[in-house]
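Notes for the structure review
Single-letter residue listing:
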Amino acid sequence: MMCSLQSFWRVNLLFCLGLFLHCGEARVHTEVQAGPLYRVVGSLLSITCNVSGFASASTRKEFEFCINKPSNPTFEINIISTSDQSFSFAMYSSRVRTGEITLKHVSSNSVVFEIQSLEKHDEGEYECSVINTEQIYNGIYSAKTTVKVIDNSLSVSSPSSTSLSYNEDDALTLTCQASTNTIQHTHLSLAWYLHKDGEDNAHLIISLDRDFTLNPGQGFEGRYQAGLISLDKMGETTYRLKMAQLQLSDQGRIYCQAQEWIQDPDRSWYVITQKDAEETTLNVNAREVVPDMSSLVVRVSAQPTTLQEGQELTLSCSVGTHNLEERFFSVAWLRGSDELARIGPTGILSVGPKYSVRAKEGELRAARTGDRDYSLILQPVRTDDQGEYICRAWPQDRGQDGAFTQGAAKDSISKLVNISATESGLSVEMQNTPSVNEGDRLKLTCKVLGVKGQLSVTWQHRSASTTTPMFTTLISLSQEGVTAKAKEFMSRKVKAMRPSTDTFTLELDEVTPSDSGVYQCTVSEWNTNSKTNSQSQTTTVTVAPVDSFVKVNLISRKTRVPVGENVELMCRVRGPRIPLTLTWSLQRDVSTLDNILTLYSDGAISWSGDQHRYQLKVENKKNEVIHYLLINGASHREAGRYQCSVSVFLENVHKKLPASNQLAVSVQNPETKLTLSPTQALTRNINTDIEIKCSVISETSASSRYAVTWLLQLQAENKTIVSSDQDAIVTFGPQVESSLSQRISMKRTKGPCFELNIRQAQISDTGSYICEVVEWLQDPHGDWYELSPVSKTTHLTLIQPASDLRLDKKDQLLFAWEGDEVELKCNMTSGAPSPLFSYKLAWLYTGPNSSATNTLVELHPTGLTIYPENQGLRDLQGRLRLSRPTQSSFYLGIHRAHEEDSGTYQCKVEQYQLDHDSRWQQKASDSAGPITVTVHVPGKNLSIVKKEEELNVSSSQNFTVPCHIAKQSSIKSVFQVTWFWQKWGETEPSPIFSVYRNCTLQYSVEKGGCLRYDHPLPNQFSLTVLKPGPEDSGVYFCAVEEWLPSLSRGWWKIAEEKSGNWTVNVYAEGHAKAVFEPECMSGTWIRILVAVVIGTLLVILLLVLKICRSKGKKTEQSLWAEQPLNTKASAEE
C-alpha cells in the first residue's frame, strides 16, 4: 500500500505543479526495457532501469520495484527498494532476504533488478519508480514493462553410446537431437564441447549459432578450415558432428549443448534456457610409429572375415609414413597372386582382368576414403572369393615433368576370409508388409523353414530416403541367445526375440518417418562355432507421419458475443490415441502471441497470465478428443484470434503438428440507449456571444461516463473544434487556429447537459455544429469501454446587418473564334461600393468534360493576386487579365483564346470590412450566374471547281489546266496546289508541278514541255503547258490541300480536294493534214485549207517570238523551281 499511496500523491502533486510548468518540457525521464519480455520458469530475469534529467546528476538516486499481477491488475505489490529494507510485501520478503531477488546500483542514475530463478507467479507488469528528492516534480518518475513466464520445453539428447573407442586418424560421427515446444518465435543454437580429463572447463569444438553461422572453438580453427571438422543440421531436430581425423588430444568426454533464444521488443536476442545432453566418453588409440622417413606401414582389415555366399565383404587398407600429405602412393588389393583393383597416385581406379566384369555389374567398388585410408567392397561374394587378401602399396615420386616414378612395393600382413556355400534347406519368409503410424510399435515376424542347426538372426534396415543399396544393422540375436544392438540404436527401444523355434520377431517402439524403408531379416545356420548357411528376406515398411493422421480443428457455436457473456471454444483432435501436449494461445494483435494454458500428456496443466477467466474441460470420444476452453464473462481483453496447437514427444524430440485454424472471437459492445436533445437552429448577428446546448435525455447506465466532441461540418470533412474525454480532459482540434481557441469554451452542467460557447462570433463561424457524445461503460473486470457515438446537429447562421451584396445571376453564353480576345463580365446589381468595404474576387472554371471546379485566379482585399497551382490550367492562367472598369464591375479577359479554354466560368465576390482590431472581417458574399464560353475552330468547307474537259490541240498550241477554289473554310486559310499528269497507257498519275503554302515552287524534270504557273487571284491557280508534243497527251488534274494555323494544333491540314480531269490530245501538224484532206477534195476546200494553215503559222510565229523574249528576260532565278519533284509533296518547308 505504501507504493500505491506514494504513487497517488506523486500523481496529484505532479498535476498541480504542472499547471505552473505547462509551458516547459518534462525534464526528468525514467525508462526500462520495452516489453513484453518472455522468460522461462527457473531462468534469470534481469531488468535495467535508468533515470535522467535530475539537477544533481552525480547524486545517488533511490529506486523501487513493484508488480501488478494479471489476476488482479489494479493491485500493486511492493517487491524491493534500494532505500527501505521493509519495503517488500510478505510474498517477496523472504526471497529478497535470501538474495534471490536483488536491486543493485550500476551507477548513481541506474540500477539492475534481478530474479535468480523465475517462478510462474512472477508473471505481471513490473514498475520501476525513482524517489524524487528535489522540491518540484517535472517529468516522468516511473516506467513499466510486462514479463511473461513460460514453461521450459527445450529437449536435448544424444543417441550415441556412452563410451566409444577409435584409433588415431579415424573418423568420428556423433548426432544430437534438440527441439522445443515453445509457441513463441524462438531460435535454437547448438554447440559441441570436449571436456578433457583433469581440466575444469570444457573446450568448444564447434557451434551453430541461432542465425545458422558456424564458429569453430579455440584450438579447432585450423582443422575446421581444412574441412576436417563439420557440424550439419539434418532435418528439423538432428545435428551431426563429423571429425575426419581424430587426434590423441581429442580424448575426453564429448557432449552437445542447446540454447533457446528469443528476440525482445528492443530487437536484441536473449537466451531464455539451455540444456546439455548426456556425455559420451571418447578413447583415441595412438597409431603405429613409422621407423624412418622412407618406411611404409601397410595394414589390411576385412569385415567380416567369415561370411556366406551372397554377402558383402569390405577390405580396408591404410598406409602410414612420414609426411603423408606431401607424398603419392599407389594401392592395390590382391587375393593370392590375382590383383582385384588398384588406385593410382592421382586417384584413378583400375580393375584386374578377372574382376572387370564384376566391376561393370557393380559387384566390386573401391575408393580412397581419406589421406591414408582405402576401401574395397565385394558384394555379393562367391565361394571362389575365399582366400588370403593383402594390400600392397608403392610410393610414387613425381618429377618436374609431372610423370610418376614407382618405388619399392610394401605388402601388408595377409587376412584370411572364409566364405561358405548355402547348401542346406534353410529358407526364410517375412510374414507381413505392414504400414504403421508414427509413434506406434513396429513388429516384424520372420518365419524359418528347414532348420537343422543352431540359428542366429540379424535385423537390418535401409532408409527409404537413401539411394545406396547398403543396409544398416539394427540388432542381432546370436545362436546362444545374446542380443547385440548397433551403436546407432543404443538409445532406441528395439528388441529381437525368438518366441518359438522357427520364428524371429523385431519390435521397434516409437517409430518415426525416418524408420520407413526396407527391413531385412538374415537368418544364419551354425554348426558348432562356424556359420554354415545364411538366408535373407526383406519387406518394405511405411511409417505414416503423425501429422497425416492427427488432425486439429477449432470451432465454436458463437464467436460474436456482447460484453459479459460466456464463450465456449472446442478444439477437436481426431486420430488414434497417442500422448499429446495441447496448448491454447491467444493473439490479440499482429506482434503478440500469448499462452493461455498448456495441457501435458500426463494430465498436468500449466497456466499463464490471468487464469481465473478460463475453464478447461476434456471430452473423450471414439475417434477424437474434444478440448473445451470456456471464457467466463468475456471482455474486450478476451477478444482476439484463438488457436490450439498439438505436439508429441517421440524419441526425446518435441514434434510440433500443424496448428489448428485461427478462430476470431469478437466481443461487441451493447447497443447504446443514449438520446440527445440539441439546440434548435440559431440565427444571430456577428460579434455576439453564442451558446449551443446538447442535453442527454436517456442513457444506457446511471454510472456512464461521457466523451464529448464538438465538430463544425464543412464541405469535404468535419472539423474538430474542441473535445472532452471520459476523464473530462479538454483539448482543441488540430485545425483550430489560436484566435478561434481563445473565443471557444465548453462546459458540462446538470442533466447532464453539454454547452459550447462562442464569444464575439464572426461570419466564418457560420455552419452546422455537431455534438458527438460517446458513452463509456465498465465491463465485469472493471475496464472501461466505449459505445457507438451519438450525434446531433445545430445549424448556426451569422448575419451581417445592412449588407445587400448581389451579383448578376443571369446565365451568359459567349461564342468566339480561336485566337480572339474574350472578355467576361461580373456585375454587381445591388450593394453599392463604399470606401469602407473591400472585395475578394475569385474566378472559377469548370471544363466542358469535367465536373471538377477549379479556382483560376483570386484577387484579395489587399490587392494581392494569386494564381492557384494547377498544371492543367497553367497556360490559361498565363493569358488572363483582371480589370475593374467601374466600382461595380469585375472583368476577366482571355488573351488569344484557345479551343481548350471552352467551359463554364463563374465569379465569386466576398465583401470585407476592417474590424476594431484592424483585421478583415467578411460581411457578405455572393456568386454570379455561370458564363458558358465556347471557342470554335473553323470547320471543313473546301470546294474546288470540278469541270471535266476534253482538248484536242496541236503541237504548236499551248494549253492551260485551271485550278479554281469555289469555297474555303476560313479567310486565314493557305493552300498547297499540285498538278498531276497521267500518260496514256499508265495506271498512276505523276506530279508535275507544286506550289507549297510557303510559296515555294517545284516542278518535275521528267516533263518534256515548258510550264508556266499563274496565280491571278487568291482563289485561282493555273498551269500552262508550253509547246506541247504528242508525248504530252494524257489526263491532267490538280489537288488542293487547305492549311490553317491553330493556336493549339500549329499548322493544321483542314481539308483536301481534287479538281476535274482535263483530257488532252496533242497531235503533230502533218498528222492534222492527213486527217483533214480527203482524196477527192475540191479546189475550194484546198484554198480554204491553205488560208487556215498560213494563219496558224503566223500565230505560232508570234507565240515563239513571245516565248523567246520571255526566256531572254529570265536572268535570275524566277518562281520556277529548278529541282525535280518528289513523288509525294511535303507539307512542311
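Residues numbered from 1 in each chain as written. Predicted model: local features only at pLDDT ≥ 70, side-chain atom pairs only at ≥ 80, totals over all residues. Heavy atoms only, no water.

1. Some remarks on the overall build of the protein
- When its secondary structure is counted, the protein shows 9 helices and 86 strands.
- Here the protein, with 1133 residues, has 43% of them falling under the buried criterion.
- Summarising the internal contacts of the protein: among those between residues at least 6 apart in sequence, 61% fall at separations of at least 24.
- Accessible surface, the protein as shown: approximately 58,700 Å² in total, 50% of it carbon and sulfur. (Helix = DSSP H or I, 4+ residues; strand = E, 2+ residues; numbered from the N terminus. Buried < 20%, exposed > 50% of the residue type's maximum accessible area, 1.4 Å probe, protein only. Contact = heavy atoms within 4.5 Å. Areas by Shrake-Rupley, 256 points an atom, 1.4 Å probe, with all protein chains shown as cover.)

2. A few points about the pairing of strand β33 (residues 427–430)
- Side chains Val428 and Met430 project from β33 onto a buried face, and the interleaved Ser427 and Glu429 project onto a face without burial.
- By the bridge criterion, 4 bridges tie β33 to strand β35 (residues 442–449) in an arrangement that is antiparallel. When the bridges of β35 are listed, glutamate 429 appears paired with lysine 447. (Pairing = 2+ DSSP bridges.)

3. A few points about helix α2 (residues 90–97)
- Within α2, burial applies to Tyr92, Ser93, Arg95 and Val96.
- Along its buried surface, α2 packs onto β4 (63–68), β5 (76–81), β6 (101–107) and β7 (110–115).
- Of the residues one or two after α2, glycine 99 is the one with positive phi, at around 85 degrees.

4. Remarks on the packing of aromatic side chains
- Summed over all chains, the structure comprises 16 aromatic pairs.
- Their ring planes at 40 degrees and their centres at 6.4 Å tell us that phenylalanine 75 and phenylalanine 89 sit as a pair that is tilted. Here phenylalanine 75, found in the loop between β4 and β5, pairs with phenylalanine 89, found in the loop between β5 and α2; they are 14 residues apart in sequence, far enough to count as distant.
- Given a relative accessible area of 21%, phenylalanine 89 falls into the partly exposed group.
- Three or more aromatic residues joined by ring pairs form one cluster here, namely Phe54, Tyr137 and Tyr141.
- A cation sits over an aromatic face here: arginine 997 above tryptophan 1043, 4.8 Å from the ring centre.
- A cation sits over an aromatic face here: lysine 1058 above phenylalanine 1037, 4.7 Å from the ring centre. (Phe/Tyr/Trp six-rings, centres within 6.5 Å; stacked < 30°, edge-to-face > 60°. Lys NZ or Arg CZ within 6 Å of the ring centre and 35° of its normal.)

5. A look at unusual backbone geometry
- In this structure, proline 36 follows glycine 35 across a cis peptide bond, with omega equal to 5 degrees.
- As for its placement among the helices and strands, proline 36 is situated in the loop between β1 (29–32) and β2 (37–40).
- For the bond running from glycine 751 to proline 752, omega is -5 degrees, close enough to zero to count as cis.
- Within the secondary structure, proline 752 sits in the loop between β60 (744–749) and β61 (753–758).

6. Side note on a nonpolar patch on the surface
- A cluster of nonpolar side chains, contributed by Leu1101, Leu1102 and Leu1105, occupies part of the molecular surface with about 310 Å² of accessible area.
- Among the secondary structure elements, leucine 1105 is positioned in helix α9 (residues 1083–1113).
- Classification of leucine 1105 as partly exposed rests on a relative accessible area of 44%. (Patch = residues over 30% accessible without salt bridge, like charges linked within 9 Å, V, L, I, M, F, W, Y side chains within 5 Å. Salt bridge = Lys/Arg side-chain N within 4 Å of Asp/Glu carboxyl O.)

7. Observations regarding the pattern of salt bridges
- For the structure shown, the criterion picks out 40 salt bridges.
- With its nearest N and O atoms 2.6 Å apart, the salt bridge here joins arginine 874 to glutamate 869.
- Judged by relative accessible area, which is 67%, glutamate 869 ranks as exposed.

8. Overview of the confidence of the model for the protein
- When the pLDDT values of the protein are averaged, the result is 84; 89% of them are 70 or greater.
- Across residues 1–9 the pLDDT falls below 50, and counting only partners more than four positions away or on other chains, this stretch makes 12 contacts in the model. (pLDDT = per-residue confidence, 0-100.)

9. So, the sheet that holds strand β45 (residues 567–574)
- Strands sit in the order β43-β45-β50-β49 across an open sheet of 4 strands; the sheet is antiparallel. Either end of the sheet is taken by a strand with one partner, and the two such strands are β43 (551–556) and β49 (614–620). When strand polarity is set aside, the average angle formed by the axes of neighbouring strands in this sheet is 20 degrees. (Axes fitted to C-alpha atoms, helices over the stretch in contact; angles between N-to-C directions.)

10. Some points on the side chain of glutamine 259
- Inspection of the secondary structure puts glutamine 259 in strand β18 (residues 252–263).
- Setting aside residues up to four positions removed in sequence, glutamine 259 forms contacts with His187, Leu188, Ser189, Val271, Thr273 and Gln274.

11. Structural notes on the sheet that holds strand β65 (residues 806–807)
- Here we have 4 strands laid out as an open sheet, ordered β65-β67-β72-β71, and antiparallel in their pairing. Looking at strand neighbours, the two that pair on one side only are β65 and β71 (880–883), the edges of this open sheet.
- In terms of strand pairing, β71 meets strand β72 (residues 889–894) through 4 bridges, oriented antiparallel. Each residue of the ladder has a partner; that of leucine 880, found in β72, is isoleucine 894.

12. Comments concerning the pairing of strand β67 (residues 822–830)
- Examined bridge by bridge, β65 and β67 share 2 bridges and lie antiparallel to one another. Along β67, the bridge assignment pairs leucine 807 with methionine 828.
- Relative to β72, β67 runs antiparallel, the two being bridged by 6 bridges. Bridging across to β72, cysteine 826 finds its partner in phenylalanine 890.

13. Some details on the state of the cysteines
- Tallying each qualifying case throughout the model produces 7 disulfides.
- At a sulfur-sulfur separation of 2.0 Å, the disulfide partner of cysteine 49 is cysteine 128. Between cysteine 49 and cysteine 128, the S-S torsion sits near -90 degrees, and that sign places the bridge as left-handed. Placement of the pair is cysteine 49 in strand β3 (residues 45–52) and cysteine 128 in strand β8 (residues 124–130), with a sequence separation of 79 residues. Neither cysteine 49 nor cysteine 128 differs from the other in exposure class; each is buried.
- In this model cysteine 176 forms its disulfide with cysteine 256; the gap between the sulfur atoms is 2.0 Å. Handedness of the cysteine 176-cysteine 256 disulfide follows from its S-S torsion of about 55 degrees: it is right-handed. Here cysteine 176, found in strand β12 (residues 172–179), pairs with cysteine 256, found in strand β18; they are 80 residues apart in sequence, far enough to count as distant.
- According to the relative accessible area criterion, cysteine 176 is buried, its value standing at 0%.
- With relative accessibility at 1%, the residue cysteine 256 sits in the buried group. (Disulfide = S-S within 2.5 Å.)

14. Describing the nonpolar core
- Membership of the largest hydrophobic core comes to 35 residues, with the highest contact counts inside it found for Leu554, Leu569, Cys571, Trp584, Ile596, Leu629 and Tyr642.
- At the level of elements, α5 (546–549), β43, β45, β46 (581–587), β47 (593–599), β50 (624–631), β51 (640–650) and β53 (663–668) are the ones that each hand at least two residues to this core.
- Residue contributions to this core peak at 5 residues, all from β51.
- Setting aside residues no more than four positions away along its own chain, leucine 554 makes contact with Leu569, Met570, Cys571, Trp584, Tyr642, Gln643, Cys644, Ser660, Asn661 and Leu663.
- Ranked by size, the runner-up nonpolar core spans 30 residues in total, among them Leu45, Val51, Ile101 and Tyr137. (Core = buried A, V, L, I, M, F, W, Y, C linked by side-chain atoms within 4.5 Å.)

15. Things to note about the environment of alanine 707
- Along the chain, the position of alanine 707 falls in strand β57 (residues 705–713).
- As a C-alpha pair, alanine 707 and glutamate 786 span 79 residues in sequence and 9.1 Å in three-dimensional space.

16. So, the environment of leucine 1026
- Of note, leucine 1026 is situated in strand β83 (residues 1020–1026).
- The exposure class assigned to leucine 1026 is buried, which follows from its relative accessible area of 10%.
- Remark: the alpha-carbon pair of leucine 1026 and arginine 1012, spanning 14 residues in sequence, is separated by 7.3 Å.

17. Description of the environment of leucine 882
- If you trace the backbone, leucine 882 turns up in strand β71.
- Taking the relative accessible area as the measure of exposure, leucine 882 reaches 31% and is therefore partly exposed.
- When the C-alpha atoms of leucine 882 and threonine 865 are compared, they prove to be 9.3 Å apart, with 17 residues separating the residues in sequence.

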